[in-house]
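Notes for the structure review
Listed below, chain by chain, are the residues.
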Amino acid sequence: MLKNLIIAEIGSVHDGSFGNALKLIDLAAKCGANSVKFQTHIASAETVVNAPSPSYFNSESRYEYFIRTSFSKAQWIELKAYAEDLNLLFLSSPFSLEAIELLEDIDIKAYKIPSGEITNHPLLEEVAKLKKPVLLSSGMSNWSELDEAVSIIQGACPLVVMQCSSQYPCRASNVGINIISEIRKRYSVQVGFSDHTLGYAAPISAAAHGATVIEKHLTFSRGMYGSDAPHSMEPQEFILMAKEIRDAWVILENPVNKSSNEQYQEMKNVFEKIILAKKEIMEGETLEFNKLSFKKAGLGTSASRWSSLVGLKAKRNIATDEKIMGEDFE
């Protein structure tokens with residue numbers, strides 16, 4: 001399955017520039033991603049000309065935007081090959097049955113289903129037939145809608161359900177990290193997290209809560225035009241996020257055995273206190289608490305053992321600041 005996957009969501013940040021799309025793939029590899037994800041829009045198959053557009057499309061309709069920013073089949077083939085040459089898993093979200101056909105023509109290895117397609121059962125059923133791994137974004141769906149979507153795909157394909165909040169940007173209060181464990185319990189599946197916040201806290205928290213796939217938007221600059229750039233991560237931010245996520249996965253995959261502290265023995269020798277003679281103790285003298293001191297002095301009898309020694313008689317003379325050892329008393 002897809003595990004410990006950091007997806008750089010390129011989406012439409014390229015703004016129709018094939019050169020920028022290639023450079024974004026290169027950037028994703030340099031920033032620590034091991035997968036890149038695009039969006040495959042075929043305007044005439046996906047939307048009517050006068051469909052409602054988001055507020056940020058103020059100079060062109062979304063229909064026009066999809067046409068302007070689309071790639072040819074030959075370009076998709078080249079993008080996928082370029083990503084795979086960099087050892088990146090190439091993903092693209094289909095937004096129509098025709099988009100699935102195109103992606104199958106270029107032999108895509110796995111599918112990411114975007115939030116808006118959760119209720120598009122014909123699309124889900126078509127993807128399920130392909131038997132390829134599916135990343136299913138929960139996004140704007142409720143449990144009932146997600147149940148139906150999962151029932152179509154689960155059993156037919158390896159499935160990762162992605163917790164996602166469809167807000168751009170998403171406020172910290174709406175991230176829904178709690179949903180990760182609920183998804184795992186409800187469907188017994190691998191869980192991922194598709195992030196739309198502007199910072200690091202959400203994806204790192206998701207990794208710490210068991211999300212094994214993390215998706216985050218990547219851009220050259222948040223000042224770029226388009227639907228994705230304003231809520232994407234810039235390169236240095238993505239580098240730091242990828243490192244912290246991988247550190248979180250290492251932490252989760254390496255439980256510590258608290259019943260043993262052998263790995264700390266050197267530190268214990270340096271920092272822990274042992275028992276020493278506070279004053280000279282003569283042979284035959286009974287050991288009393290006021291004759292003990294507790295100091296850092298390397299290996300010796302732990303200060304925690306003091307009560308087992310008080311009341312015993314010294315078998316030899318012990319000098320001030322000499323280590324108190326059990327074998328010297330009876």
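As a starting point, this report considers the structure included with it.

Definitions and cut-offs
Residue positions within a chain follow its written sequence, with the count starting from 1. Per-residue local features are limited, in this predicted model, to residues with pLDDT of at least 70; the limit for side-chain atom pairs, both in listing and counting, is 80 or more; totals at the level of whole chains, interfaces and linings are taken over all residues. The side-chain figures draw on all heavy atoms in the structure; neither hydrogens nor water molecules are used. Strands here mean DSSP runs of E at least two residues long; helices mean DSSP runs of H or I at least four residues long; both are numbered from the N terminus. Partly exposed describes any residue whose relative accessible area lies between the buried limit of under 20% and the exposed limit of over 50%, with all areas from a 1.4 Å probe on protein chains only and scaled to the type maximum. Salt bridge, as applied in this entry: a Lys or Arg side-chain nitrogen positioned within 4 Å of an Asp or Glu carboxyl oxygen. Should DSSP find at least two bridges between two strands, the strands are taken to pair. Interaxial angles span 0 to 180 degrees and are taken between N-to-C directions of axes, which are lines fitted to C-alpha atoms, for helices over the stretch in contact. Candidates for patches are residues over 30% relative accessible area with no salt bridge; among them, like charges are joined within 9 Å and nonpolar side chains (Val, Leu, Ile, Met, Phe, Trp, Tyr) within 5 Å. All accessible areas in this document rest on Shrake-Rupley with a 1.4 Å probe, and a residue is counted as covered only by the protein chains that are shown. The criterion is simple. A nonpolar core is a set of buried Ala, Val, Leu, Ile, Met, Phe, Trp, Tyr and Cys residues joined through side-chain atoms within 4.5 Å. Contacts were defined at the residue level, with two residues in contact if any of their heavy atoms lie within 4.5 Å. Any N or O atom pair separated by 3.5 Å or less is treated as a polar contact, with the protein-specific requirement of one donor-capable and one acceptor-capable atom, and with residues adjacent in sequence counted only for side-chain atom pairs.

Non-glycine residue Asn4 carries a positive phi angle of around 50 degrees. Assignment of secondary structure puts Asn4 in the segment before β1 (5–11). Look at Asn4 and you get partly exposed, because its relative accessible area is 21%. You will see that Asp107, though not glycine, has its phi angle at about 65 degrees, which is positive. Following the sequence through the fold, Asp107 ends up in the loop between α5 (97–105) and β4 (111–113). Residue class for Asp107 comes out partly exposed when judged on its relative accessible area of 38%.

Before going further, it helps to spend a moment on the pattern of salt bridges. Side-chain pairing between opposite charges can occur once the charged atoms of the two side chains come close. Summed over all chains, the structure comprises 19 salt bridges. The shortest N-O distance in the salt bridge between Asp26 and Lys30 comes to 3.0 Å. Residue Asp26 and its partner Lys30 are located together in helix α1 (residues 18–30), separated by four residues, close to a single helical turn. In this structure, Lys73 engages Asp105 in a salt bridge whose closest nitrogen and oxygen atoms are separated by 3.8 Å. Of this pair, Lys73 sits in helix α4 (residues 73–85) while Asp105 sits in helix α5; the two residues are 32 residues apart in sequence, bridging distant segments of the chain. Judged by its relative accessible area of 42%, Lys73 is partly exposed. Judged by its relative accessible area of 45%, Asp105 is partly exposed. What emerges from the salt-bridge pattern is a single network uniting Glu9, Lys37, Lys112 and Glu215.

With parallel pairing, the eight strands of this open sheet are ordered in space as β3-β2-β1-β8-β7-β6-β5-β4. Of all the strands in the sheet, just β3 (89–94) and β4 have a single pairing partner and so form its edges. On average, each strand axis in the sheet is inclined to that of its neighbour by 25 degrees, with strand direction left out of account. Note: β1 against strand β2 (residues 35–40), four bridges, orientation parallel. Paired with Gly11 across the strands is Phe38, a residue of β2.

Judged by side-chain polarity, Tyr264, Met267, Val270 and Phe271 come together as a nonpolar surface patch covering roughly 420 Å² of accessible area. Examined against the element boundaries, Met267 turns out to sit in helix α11 (residues 265–271). Accessibility expressed as a relative area gives 48% for Met267, which makes it partly exposed.

Looking at soluble globular proteins, one finds that nonpolar side chains tend to be buried together. Core analysis: the biggest nonpolar cluster contains 65 residues, and Val36, Phe38, Leu79, Phe90, Leu136 and Phe238 have the highest contact counts within it. Ranked by residues supplied to this core, first place goes to α1 with seven residues. If near-sequence neighbours (up to four positions away) are discounted, Val36 is found in contact with Ile7, Ala8, Ile10, Ile25, Ala28, Ala83, Leu88, Leu89, Phe90 and Leu91.

Burial runs high along strand β9 (residues 273–277): four of the five residues are buried. Relative to strand β10 (residues 292–296), β9 runs antiparallel, the two sharing five bridges. Note that in β10 the partner of Lys273 across the bridge is Lys296.

Let us now look at the side chain of Ser141. Relative to the assigned elements, Ser141 resides in the loop between β5 (134–137) and α7 (143–153). At 2.4 Å, the side chain of Ser141 and the backbone oxygen of Ser138 are in polar contact. With residues near it in sequence (within four places) discarded, Ser141 still touches Ile118 and Leu146.

So, on to the environment of Gly284. As for its position among the elements, Gly284 is in the loop between β9 and β10. Taking the C-alpha atoms as reference, Gly284 lies 70 Å from Gly192; in sequence the two are 92 residues apart. Once you skip the residues sitting within four places of it in the chain, Gly284 turns out to touch Lys313 and Ala314.

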